[in-house]
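Single-letter residue listing:
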Amino acid sequence: MYSREVPASFETVLICRTINSGREPLGVKWAADNGTVSCDGESIRWIAPSDPGEYGISVKVIDANDGEASNKVNVKVIPRSNSPVDLSPELVLQIPIWGSNAACDVKAVRPATTAVISCMPPLAMINEYKYTWVCNGGKLQGAGIKEGTASQVGWIAPGIPGFYTVTVQIEGNNGNFYAGYAYFNVISPSCCGSGVCEID
């Protein structure tokens, strides 16, 4: 599971779903054409390079018997552009029902701004989902986050300008797995009095 488009210099999460019926230990190795890979295991964080383009990210899984399986995906790094500062951001992540693509959205905000992020998984009226929210800065708030029942959260931007990502992983009671990403550029209040700032 991954976002096929990532803004330049932002962090995103890639998830490798393995079929491991024997529950034996698995070795997972990741590699990227560019950018920075951190963490390890079936879920990694990748900081996209500052140069737009298409970059390959590969994963190799090795089981206890030295059996191997591998896969590679291409992620498009899109250029940063002028974006109006949103003083009351609300994002709706509409999760696609098919494919490995993940829903994403991008906002420019001020420090300490609270963004409301809603997640709309497929067929939510008839399926039950568990939601796991994580962020690489700032603070998440809302009822049901710890219990995994929150389809909507508030994200409070940190006081330090920079690029931040809020990720939601959604697992259905039917075994389906989805992800959504909200990308935020936190901009200094002294930047651009016109309310339009370049994301850089």
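Criteria and cut-off values
- Residues numbered from 1 in each chain as written.
- Predicted model: local features only at pLDDT ≥ 70, side-chain atom pairs only at ≥ 80, totals over all residues.
- Heavy atoms only, no water.
- Pairing = 2+ DSSP bridges.
- Helix = DSSP H or I, 4+ residues; strand = E, 2+ residues; numbered from the N terminus.
- Axes fitted to C-alpha atoms, helices over the stretch in contact; angles between N-to-C directions.
- Phe/Tyr/Trp six-rings, centres within 6.5 Å; stacked < 30°, edge-to-face > 60°.
- Buried < 20%, exposed > 50% of the residue type's maximum accessible area, 1.4 Å probe, protein only.

Engineer: Hey, could you run me through the sheet that holds strand S13 (residues 139-141) in this one?
Structural biologist: Note: strands within a sheet are paired through backbone hydrogen bonds, in either parallel or antiparallel orientation. Spatially, S9-S11-S14-S13 is the arrangement adopted by the four strands of the open sheet, whose pairing is mixed. At either margin of the open sheet sits one strand with a lone partner, and together these are strand S9 (90-94) and S13. Each strand axis lies, on average, 25° off the axis of its neighbour in the sheet, ignoring direction. With five bridges joining them, strand S11 (residues 114-120) and strand S14 (residues 152-156) adopt antiparallel strand pairing. Looking at S14, one finds that Ala-115 is bridged to Trp-155.

Engineer: Help me understand unusual backbone geometry, please; the structure alone is not making it clear to me.
Structural biologist: A negative phi holds for most residues other than glycine; trans holds for most peptide bonds. Even without being a glycine, Ser-9 presents a positive backbone phi close to 75°. By the element assignment, Ser-9 lies in the loop between strand S1 (5-7) and strand S2 (11-15).

Engineer: Help me out: how do you make sense of the packing of aromatic side chains in this one?
Structural biologist: One pass over the structure, following the stated rule, counts seven aromatic pairs. Here the aromatic rings of Phe-10 and Phe-163 are separated by 4.6 Å at their centres, their planes lie at 45°, and the arrangement is tilted. Of this pair, Phe-10 sits in the loop between S1 and S2 while Phe-163 sits in strand S15 (residues 162-172), and the two are 153 residues apart along the sequence. A residue is classified by how much of its surface remains accessible, and Phe-10, at 0% relative accessible area, is buried. For Phe-163, a relative accessible area of 23% gives the class partly exposed. Ring centres 4.4 Å apart and planes at 20° place the aromatic pair Trp-155 and Phe-184 in the stacked group. Highlighted residues: Trp-155 in strand S14 and Phe-184 in strand S16 (residues 177-186), separated in sequence by 29 residues. Of the two residues, Trp-155 and Phe-184, neither departs from the other in class, the shared state being buried. Here the aromatic cluster, defined as three or more aromatic residues joined through ring pairs, consists of Phe-10, Phe-163, Tyr-181 and Tyr-183.

From the geometry alone we can't say anything about function, so treat these as descriptive.
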